[in-house]
Amino acid sequence: MDVTPRLAPSRRRLLGLAAGPIALAIAGLPTREAEAALTERSLVMHHINTGETLKTVYWADGTYRRDSLVAVNRLFRDWRQNEVHTIDPKLLDLLWALRNRLQTRAPLQVLCGYRTPETNEMLRRMHRGAARNSLHLVGMAVDLRVADRSLPQLRSAAMSLQGGGVGYYPRSDFVHVDTGPIRYW
């Protein structure tokens, strides 16, 4: 018979059990912020091409907030065609984890979220590196930068999360992240 006293689970263990993969993203946060992350997740984003800024709690009390998802869809719209598309909530989780990994409070600077097929084809014709079957077409990708972090820091942090694809475009001054298969270019 085992008489070893059972100790209460550690805060780290509780965070790991409650947050699953997200626990890795919040591991570097101070304890109070890590605990708050279990009840809400927020993002601050600024779209470079439209000038719009969005500060929102997109996930709270175990669920995605519909009003916030609608606002994100609008911010990530194809600004050339002014067309809105549903953005994958997992992409928001990836951006939230990325911002925490970078330990920044600066807004994520969005250059491109959703793309219509017309915009994607125009970018392909202009030799701007757009893939024929880009995940931008289905709301699973974003091109971004962060004002107070270098592109190599952003790329490294995104790769370390292993949440999807990471493309590095230093000449165009952005990093692409998506929620597709893990791959790097």
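Going by the structure above, here's the rest.
Remember, it's a predicted structure, so these values are computed and weren't measured experimentally.

Participant: Describe in detail the sheet that holds strand E8 (residues 183–184), supporting the description with residues and values.
Facilitator: The strand order E3-E2-E1-E4-E5-E7-E6-E8 describes an open sheet built from eight strands, whose pairing is mixed. Whereas interior strands pair on both sides, the edge strands pair on one side only; in this sheet they are strand E3 (63–64) and E8. Looking at chain direction, strand E1 (residues 40–47) and strand E2 (residues 53–60) are connected through seven bridges and run antiparallel. Following the sheet pairing, Leu-43 is matched in E2 by Thr-56. The sheet strands contacting helix H5 (residues 89–102) are E1, E2, E3, strand E4 (108–112), strand E5 (141–146) and strand E7 (174–178), and the helix crosses E1 at an angle near 90 degrees. Relative to the sheet, helix H7 (residues 151–161) contacts E5, strand E6 (165–169), E7 and E8, its axis offset from that of E6 by approximately 170 degrees.

Participant: With reference to specific residues and values, describe the pairing of E6.
Facilitator: Of the strand pairs in this sheet, E6 and E8 are connected by two bridges, and their pairing is parallel. Considered in E8, the bridge of Gly-165 is made with Arg-183. Where E6 and E7 come together, four bridges link them in antiparallel fashion. Within E7, the position partnered with Val-166 by the bridge is Val-177.

Participant: An account of H5 is requested, with residue identities and associated values reported.
Facilitator: Look at H5: 20 Å from first C-alpha to last across 14 residues, which is about the 20 Å you get at 1.5 Å a residue. Of all 14 residues in H5, eleven are buried, a share of seventy percent or more. Taken together, the buried positions of H5 are occupied by Leu-91, Leu-92, Asp-93, Leu-94, Leu-95, Trp-96, Ala-97, Leu-98, Arg-99, Asn-100 and Leu-102. Where H5 starts, the residue carrying a side-chain oxygen 3.0 Å from the main-chain nitrogen of Lys-90 turns out to be Asp-88.

The rules we used
Residues numbered from 1 in each chain as written. Predicted model: local features only at pLDDT ≥ 70, side-chain atom pairs only at ≥ 80, totals over all residues. Heavy atoms only, no water. Pairing = 2+ DSSP bridges. Helix = DSSP H or I, 4+ residues; strand = E, 2+ residues; numbered from the N terminus. Contact = heavy atoms within 4.5 Å. Axes fitted to C-alpha atoms, helices over the stretch in contact; angles between N-to-C directions. Expected span 1.5 Å × (residues − 1). Buried < 20%, exposed > 50% of the residue type's maximum accessible area, 1.4 Å probe, protein only. Polar contact = N/O pair within 3.5 Å; in protein donor to acceptor, adjacent residues only side chain to side chain.

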